[in-house]
Amino acid sequence: MDPNSSYPILETITSPEELKALGPKECEQLAEEMRAFIVESVLATGGHLGSNLGSVELTIALHRVFSSPEDVLLFDTGHQAYAHKLLTGRRDGFSKLKKKGGLSGYPNRKESVHDVIENSHASTALSWAHGIAEARRLTGGHEDHHVVAVVGDGALTGGMAYEALNNLGHASSRVVIVLNDNGRSYAPTISKLSESLTQLRLDPRYLRVRERAIGLLRELPESIGSAAYTSLHGITSALREVVEPHVFFEALGVRYTGPLDGHDISQIEQALRKAASWDGPIVLHLLTQKGKGYEPAEEDHVQKLHDYKAAPRDEGGLKPPGEGERGESYTKAFTKALLEEAGRDEALVAITAAMPGPTGLLEFEKAYKDRFFDVGIAEQHAMTAAAGMAFSGLHPVVCIYSTFLQRCVDQWNLDVALHKAPVVVVADRAGITGDDGPSHHGIYDMHSALSIPGVNIYAPSEPKEIGPLLHEALASSRPSLLRYPKTPSEGSLGESGAGGCHRTLKQGAGEVVLVGIGKLARRALEAARLLEAEGLDIEVIDPRVIRPVRDELLEQLISHRLVVTAEDGITKGGAGEHLCGLAKQLAAAKATRPPYFVNLGIPIAHLPHGSPDEILSDLGLDGPGIAASVLEAASWLRIEAHSVGASSPSESGSAS
């Protein structure tokens, strides 16, 4: 151990087994070192900060009591697993946390045998635990091994978690469930059970007796303290009956114990050992503080610095998140547009699934509290509830990250679209999102919407297009999707488009037209400029509306020999294929020869984490990549270059 090191104990830990040789004081020091290390790392790289600061002690206790990977540790959600990564030999990887080729921000099987779940979508771990426990029971040979699910950050607001609890209790599956209760997901957790847990956290009758007893226990020798702990547990169990969690879990056949201080390692270890001896599912309820030990996180009453965005450094040190960004945020533009629409329409309501801040609804909530609904991590419920609201005369706007939208496609199809409910779905973080990896890229929303009959699809290429397109979506009698990216705009592309119309961003004199969909309209325009040097004067179109498509756009497409589309969504069944399919139909109806079509987009693959620009470049979806694809197709078709001179049409930015 290096006494001059900032992390003298942490630097000696290369595997979980080494934790078991530490004494209580060393464990407490290790927790402080880990917390300091996480703060230092995340401030430099960005990442999930608040949730990981709150899970340090419970993770140390888990690895001291259980033996991973023989004992399976499941983290739900995965963004609370930084401490787990530190204790499983990945400390050096934090210098490239969430960077291309570096450490994932979630558990990752390629990184360690100690990681099981890579999917970072919430409310899944209990189903995993049920499956693994039952498989071990059927195959035998695992009697001395355990399955442990760490559930936190609002994961118990998701319906899938309750389905799993029901089955765990019914099957009497031998699973230890650690409820990491910090009262929050991205924001304060929304659920009746959470209210009950909060009541238990604050009930003075419980807390007075419990804290007094624990204080006495700490003064007793360990041998006596262990027996006294059992008596304390019996006393506090009676006090627990004043609230609901105990009754709720045990009605499902799941044993409940707690709540305990989630930052007291010794206390957690004692409780975990007792829980591990239970021959069935058992919940250990731990009370933790999100953002613990870092004052800016503790004082952030909205998100507890849930997801910290690293800012560029200057002479003054770190800038606050958000400074130095170019252009306007799509989310902020949506917030402004939604407030304007809500001011005109008293029937407009907004719905989110535990993410009011990230989806831009905090100002709406403040202005129209009675018209704001946060349903917790329950996307399926959000969608069907919206259908019910629309049926009853309201105008619901459902705001969900594109990646989480996939969790409620069935409800979108059969509850919204089948019933022709005019629900507007707003998919934030659409396209390649970057450093959160394969579970967070928003590349399926247009593919999904196009597979659902009757859904309008709007893809603004820049923030100022959000207002007009949102207005159009709200005026429609059909379901709609409005999707936009995470990355900020890089400036205006031209005049805003008129309702339902596409924009011609650059007129061309040649035989090639390039269609840039959504964010990639800017990349298409960049490609066109690069192609001018090759003698190709091509047209660039921003379609804006993917469905319904006006004949004017299709006429413009079939007037060219080569049509190239580019999108940041799945190519197969995506927007480009859709537009080209309609153009082919029009050409056939006119008995004219259709153009040659090239559709550029995202392959069907689980793409790794990295910056959006890096990933798009690797996929050939940046300006140079798109230009290269156009050149290849033009060469194959023997399209001759046209000289670009003073008479060449300029970028018009006009609406078609």
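Report on the accompanying structure.

What counts and how
Residues numbered from 1 in each chain as written. Predicted model: local features only at pLDDT ≥ 70, side-chain atom pairs only at ≥ 80, totals over all residues. Heavy atoms only, no water. Helix = DSSP H or I, 4+ residues; strand = E, 2+ residues; numbered from the N terminus. Contact = heavy atoms within 4.5 Å. Expected span 1.5 Å × (residues − 1). Buried < 20%, exposed > 50% of the residue type's maximum accessible area, 1.4 Å probe, protein only. Phe/Tyr/Trp six-rings, centres within 6.5 Å; stacked < 30°, edge-to-face > 60°. Pairing = 2+ DSSP bridges. Axes fitted to C-alpha atoms, helices over the stretch in contact; angles between N-to-C directions. Polar contact = N/O pair within 3.5 Å; in protein donor to acceptor, adjacent residues only side chain to side chain. Core = buried A, V, L, I, M, F, W, Y, C linked by side-chain atoms within 4.5 Å.

**Some words on the overall build of the protein**
Here is step 1: Helix and strand counts for the protein come out as 24 helices and 22 strands.
Here is step 2: Intrachain contacts of the protein at a sequence separation of at least 6 include 78% that bridge at least 24 residues.

**A short note on helix H5 (residues 125–139)**
Here is step 1: With 15 residues, H5 extends 21 Å between its outermost C-alpha atoms, agreeing within 8% with the 21 Å of an ideal straight helix rising 1.5 Å per residue.
Here is step 2: Taken together, the buried positions of H5 are Ala 125, Leu 126, Ala 129, Ile 132, Ala 133, Glu 134 and Arg 136.
Here is step 3: Against the buried residues of H5 lie strand S2 (72–76), strand S3 (147–152), helix H6 (159–171) and strand S4 (175–181).
Here is step 4: Gly 140 occupies a position one or two residues after H5 and carries a positive phi of about 75°.

**Observations concerning the packing of aromatic side chains**
Here is step 1: Considering all chains together, one arrives at 11 aromatic pairs under this definition.
Here is step 2: Geometrically, the ring pair formed by Tyr 7 and Phe 37 is edge-to-face, given 5.4 Å between the ring centres and 80° between the ring planes. On the criterion of sequence distance, the pair formed by Tyr 7 in the segment before helix H1 (24–45) and Phe 37 in helix H1 is long-range, its members being 30 residues apart.
Here is step 3: What makes Tyr 7 buried here is its relative accessible area of 11%.

**Observations regarding the sheet that holds strand S10 (residues 348–352)**
Here is step 1: Spatially, the seven strands line up as an open sheet ordered S11-S10-S12-S13-S15-S14-S19, and their pairing is mixed. Among the strands making up the open sheet, the edge pair consists of strand S11 (372–374) and strand S19 (545–547). Across the sheet, the axes of successive neighbouring strands diverge by a mean angle of 20°, strand direction being ignored.
Here is step 2: Summarising the sheet, S10 and strand S12 (residues 395–401) pair through five bridges and their orientation is parallel. What sits directly across from Thr 352, in S12, is Cys 399.
Here is step 3: On top of the sheet, helix H15 (residues 379–391) reaches S10, S11, S12 and strand S13 (424–428); it is set at about 165° to S12, its chief contact.

**Details of helix H11 (residues 265–276)**
Here is step 1: Its 12 residues give H11 an end-to-end C-alpha distance of 16 Å, which sits within 8% of 16 Å, the value for a rise of 1.5 Å per residue.
Here is step 2: Among the residues making up H11, those that are buried are Ile 265, Gln 267, Ile 268, Glu 269, Ala 271, Leu 272, Ala 275 and Ala 276.
Here is step 3: Sitting at the amino-terminal end of H11 is Asp 264, which places a side-chain oxygen 3.3 Å from the backbone nitrogen of Ser 266.

**Observations concerning the nonpolar core**
Here is step 1: Core analysis: the largest hydrophobic core is formed by 51 residues, its most contacted members being Leu 405, Trp 412, Leu 481 and Leu 557.
Here is step 2: Setting aside anything within four residues of it in sequence, one finds Leu 481 in contact with Leu 405, Trp 412, Val 425, Ala 427, Asp 445, Met 446, Ala 449, Val 455, Asn 456, Ile 457 and Tyr 458.
Here is step 3: Residues Leu 30, Met 34, Val 150 and Leu 260 belong to the second largest nonpolar core, which totals 48 residues.

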